[in-house]
Amino acid sequence: MTRKWPTVIFSIVMFIIALLMLFPFLLMVVTSLKTMGEIQSPTFTFIPKHWLFDNYAEAMGRGDWLRYFYNSFIVTGVTVVFSLVFNSMAGFAFARLRFPGRDVLFFSVLIGIMVPPQATMIPTFLMMKMFPFFGGNDWQGQGGFGFINSYTGLVLPFIAGSFGIFLCRQYFLNFPRALDEAAQIDGANVFRVFFQIYLPLSKPILATLAIFKTTATWNDYMWPLIMTNTEHMRTVQLGLTIFRSETNVEWNLLMAATTLVVLPLVLLFLAAQKYFVQGIVTTGLK
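Here is what the cut-offs are and how they apply
- Residues numbered from 1 in each chain as written.
- Predicted model: local features only at pLDDT ≥ 70, side-chain atom pairs only at ≥ 80, totals over all residues.
- Heavy atoms only, no water.
- Helix = DSSP H or I, 4+ residues; strand = E, 2+ residues; numbered from the N terminus.
- Expected span 1.5 Å × (residues − 1).
- Bend = angle between axes of the 7 residues up to and from the residue.
- Buried < 20%, exposed > 50% of the residue type's maximum accessible area, 1.4 Å probe, protein only.
- Contact = heavy atoms within 4.5 Å.
- Axes fitted to C-alpha atoms, helices over the stretch in contact; angles between N-to-C directions.
- Parallel < 35°, antiparallel > 145°, perpendicular 65-115°, else oblique.
- Left-handed = near helix turned anticlockwise from the far one by under 90°.
- Nonpolar A, V, L, I, M, F, W, Y, C, P; charged D, E, K, R; others polar.
- Salt bridge = Lys/Arg side-chain N within 4 Å of Asp/Glu carboxyl O.
- Phe/Tyr/Trp six-rings, centres within 6.5 Å; stacked < 30°, edge-to-face > 60°.
- Lys NZ or Arg CZ within 6 Å of the ring centre and 35° of its normal.
- Core = buried A, V, L, I, M, F, W, Y, C linked by side-chain atoms within 4.5 Å.
- Lys, Arg positive; Asp, Glu negative; His and termini not counted.
- Polar contact = N/O pair within 3.5 Å; in protein donor to acceptor, adjacent residues only side chain to side chain.

Given a rise of 1.5 Å per residue, 28 residues ought to cover 40 Å, and the 40 Å separating the end C-alpha atoms of helix α1 (residues 4–31) matches this to within 8%. Its axis deflected by about 40 degrees at Leu22, α1 carries its strongest bend there, up to four residues before the proline Pro24. Taken together, the buried positions of α1 are Met28, Val30 and Thr31. Where α1 is buried, its residues meet α2 (36–39) and α14 (251–271).

So, about the packing of helix α5 (residues 102–114) against helix α8 (residues 162–172). Two elements in contact, α5 and α8, have axes separated by 8 Å at closest approach and are oriented at 125 degrees. Judged on the interaxial angle alone, α8 and α5 are oblique. Crossing hand, α5 versus α8: left-handed. When α5 is examined against α8, the residues Phe106, Val109, Leu110, Gly112 and Ile113 are found in contact with a partner set consisting of Ser162, Phe163, Ile165, Phe166 and Arg169. Residue classes in the contact of α5 with α8 are distributed as 7 nonpolar, 2 polar and 1 charged.

Our focus in this paragraph is the pattern of salt bridges. This model, assessed by the stated rule, comprises 4 salt bridges. For the salt bridge of Arg102 with Asp103, the shortest nitrogen-to-oxygen distance reads 3.7 Å. Residue Arg102 is classed as partly exposed on the basis of its relative accessible area, which comes to 22%. On the basis of relative accessibility, which here comes to 58%, the residue Asp103 falls in the exposed class. Residue Glu231 pairs with Arg234 through a salt bridge whose shortest N-O separation is 3.6 Å. What emerges from the salt-bridge pattern is a single network uniting Glu58, Arg62 and Glu250.

Another aspect to go through is the packing of aromatic side chains. Aromatic ring pairs are defined here through the distance separating the ring centres and the angle between the ring planes. One pass over the full model with this rule turns up 25 aromatic pairs. Note on Phe158 and Trp223: the rings are 5.9 Å apart at their centroids and 80 degrees apart in plane angle, and the pair reads as edge-to-face. Of this pair, Phe158 sits in the loop between α7 (151–155) and α8 while Trp223 sits in helix α12 (residues 222–227), and the two are 65 residues apart along the sequence. Judged by centre distance (4.9 Å) and plane angle (75 degrees), the rings of Phe194 and Phe195 are edge-to-face. Within the aromatic cluster, the residues linked to one another by ring pairs are Phe92, Tyr171, Phe172, Phe175, Phe194, Phe195 and Tyr198. Over the ring of Phe106 we find Arg169, and its NZ or CZ is 4.1 Å from the ring centre.

The biggest cluster of nonpolar side chains holds 19 residues, and the ones touching the most others in it are Trp65, Val236, Phe243 and Val261. Only α3 (54–60), α4 (65–96) and α14 provide two or more residues apiece to this core. Examining the composition of this core, we find that 7 residues originate from one element, α14, more than from any other. When residues no more than four places from it in sequence are discounted, the contact partners of Val236 are Trp65, Tyr68, Phe69, Ser72, Trp218 and Val261.

Below, the discussion takes up the side chain of Glu38. Checked against the element boundaries, Glu38 lands in helix α2. With no salt bridge to any partner, buried Glu38 finds its closest opposite charge in Lys34, at an N-O distance of 5.0 Å. In terms of polar contacts, Glu38 uses its side chain to reach the side chain of Thr45, at 3.2 Å. Excluding residues that lie within four positions of it along the chain, Glu38 makes contacts with Thr45, Ile47, Pro48, Lys49 and His50.

What follows is the structure, encoded as structure tokens:
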């Protein structure tokens, strides 16, 4: 019985921490079911007095939410697919191939992790706006709008990233060198080794990277705000701003819309939870 006490205490502590982590989400859901009068009341009540499920219908009727979700799914899906391909290939090259300047190149990739995205936001925007031969631009990138208000402008800067390359490299380093030697003896080239041997064994790290990339892209607010200026190209994060004005915030409708926006990410994590945990452990980041 004495040996079980540490396990019991540990379980209780983890349960309390889990409740603390879940509390903001529970507060979001219950707030979405309240009236504005109850939210603004000086007396706080956690459980709504009147459960207003109509808040969800009213929130979805305030804007073109079908278009917002469509844009977010397109941008997130394309970004994640290309990111998995490019990051895994780059990570494989840095981990398993020997070529001149490999360490220098990988060090330059690591620098990208250290630089905050806010520092590169304006240069990236100018590159997207002045991209030659697109959006009415000439060969010098003048005269048009480039990739502004386009899916390409929302996706292109994020189809690869330093963190994804680093994560994949750390995973591929765990494989024994004998696996490469056996493939070379069988006459397999580099692409065949990657696509037929390493890629099928990379489900944990690809699932982990997919969750990270999906969360970052789906929740991104600043880049869509900069790259789009029409209702037609809004994403869900920009759609949430319709419940705010200069003098008022409709918290119940905002929380209702936020609950629906968060739901796809929760479902994704639940579906890929096993691979996510396994990927974190096998990359040495635990």
